[in-house]
Amino acid sequence: MALLEVRNIEKHFGNTKVLEDISFSLEEGKALAIIGSSGSGKTTLLRCLNFLETPDAGMITVGGETLFDSENTAAFGEEAIRQKRLHFGLVFQSFHLFPQYTALENVSLAGKLREKDKGRWPILEKQGMELLERMGLADRSGHYPHQLSGGQQQRVAIARALALHPDILCFDEPTSALDPELTGEVLKVIRSLAQQRTTMIIVTHEMAFARDVADEVIFMDGGLIVEQGNAREVIENPRQERTRQFLARY
């Protein structure tokens, strides 16, 4: 059984249909890349999965647990939404680190806010340090965001997302705010996560990276899934004309 099941998701903003009949599944340990032009609905889809937006229709299931069903939204208060979000970790385009906290504090803060027993805080900090070490940032743990490069800030953001042990790690164009040299730093980290079989959804404009790292690719256009399948096959030999037109630009 797939870890994530998304069925018939729709999202409207006023009269504009941003997502239409979006359905796909993702197995544990697999990486899914979502590609497409700006405005195609990729970020809105991630926001729906992370409950930053509420879909207008459809169903989202993780590990057999139904997180969203448009036929039954009665128990959808703030606390319920917070619990649903714990299944997903989201890394934004522009880092969103807290400027008043160090790298280590940014990574361990969410765990501390959830943990009522302050005696466990040193354990959370130890785990935070281990994550920073994985990101190659052990020597930057006491630095504030303004003292870090863009690539370093994004790696802190990845560590922060991993700190809550999400079932699925989501990336929303994680390199779009970085120059080419710093982009390489972040892509190297994501590649290593894929090699460790971290379940991931990656919205990206890096086509070669999507081809080489992702197991599956979805191409979206106009709020629809136009084509999906094996990453290398879709990117190197797309079946749909719209996909071919998009990829020709890369």
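Right above here is the structure, for reference.
Asker: Can you break down unusual backbone geometry residue by residue, with the values?
Answerer: Of note, Phe-51 is a non-glycine position whose phi angle comes to about 60°, a positive value. In this fold, Phe-51 is placed in the loop between α1 (42-49) and β4 (57-62). The phi angle at Glu-173 is positive, at roughly 45°, despite the residue not being glycine.

Asker: Explain the environment of Thr-66 to me, and be specific about the residues and the numbers.
Answerer: Relative to the helices and strands, Thr-66 resides in strand β5 (residues 65-69). Thr-66 sits 61 residues away from Glu-5 along the chain, and the two C-alpha atoms are 9.1 Å apart. Dropping the residues within four chain positions of it, Thr-66 is found in contact with Met-59, Ile-60 and Thr-61.

Asker: Give a description of the packing of helix α4 (residues 121-134) against helix α5 (residues 150-163) that names residues and reports values.
Answerer: Viewed as axis vectors pointing N to C, α4 and α5 meet at an angle of 135°, and their least axial separation amounts to 9 Å. Put simply, α4 runs oblique to α5. For the pair α4 and α5, the crossing hand works out as right-handed. Side by side, α4 and α5 meet where Leu-131, Leu-132 and Arg-134 of the first sit next to Val-156, Ala-159, Leu-162 and Ala-163 of the second.

Asker: Let's hear about the pattern of salt bridges: which residues, and what values?
Answerer: Opposite charge on two side chains lets them pair, provided their charged atoms get close. Following the criterion strictly, the structure yields 11 salt bridges and no others. Glu-53 is the partner of Arg-47 in a salt bridge, and the nearest nitrogen-oxygen pair spans 3.5 Å. Since its relative accessible area comes to 30%, Arg-47 is described here as partly exposed. Its salt-bridge partner being Asp-139, residue Arg-140 comes within 2.9 Å of it at the nearest N-O pair. Given the relative accessible area of 51%, Asp-139 is considered exposed. Members of the salt-bridge network, linked through shared partners, are Arg-211, Asp-212, Arg-232 and Glu-236.

Criteria and thresholds
Residues numbered from 1 in each chain as written. Predicted model: local features only at pLDDT ≥ 70, side-chain atom pairs only at ≥ 80, totals over all residues. Heavy atoms only, no water. Helix = DSSP H or I, 4+ residues; strand = E, 2+ residues; numbered from the N terminus. Contact = heavy atoms within 4.5 Å. Axes fitted to C-alpha atoms, helices over the stretch in contact; angles between N-to-C directions. Parallel < 35°, antiparallel > 145°, perpendicular 65-115°, else oblique. Left-handed = near helix turned anticlockwise from the far one by under 90°. Salt bridge = Lys/Arg side-chain N within 4 Å of Asp/Glu carboxyl O. Buried < 20%, exposed > 50% of the residue type's maximum accessible area, 1.4 Å probe, protein only.

What is shown is where atoms sit, not what they do.
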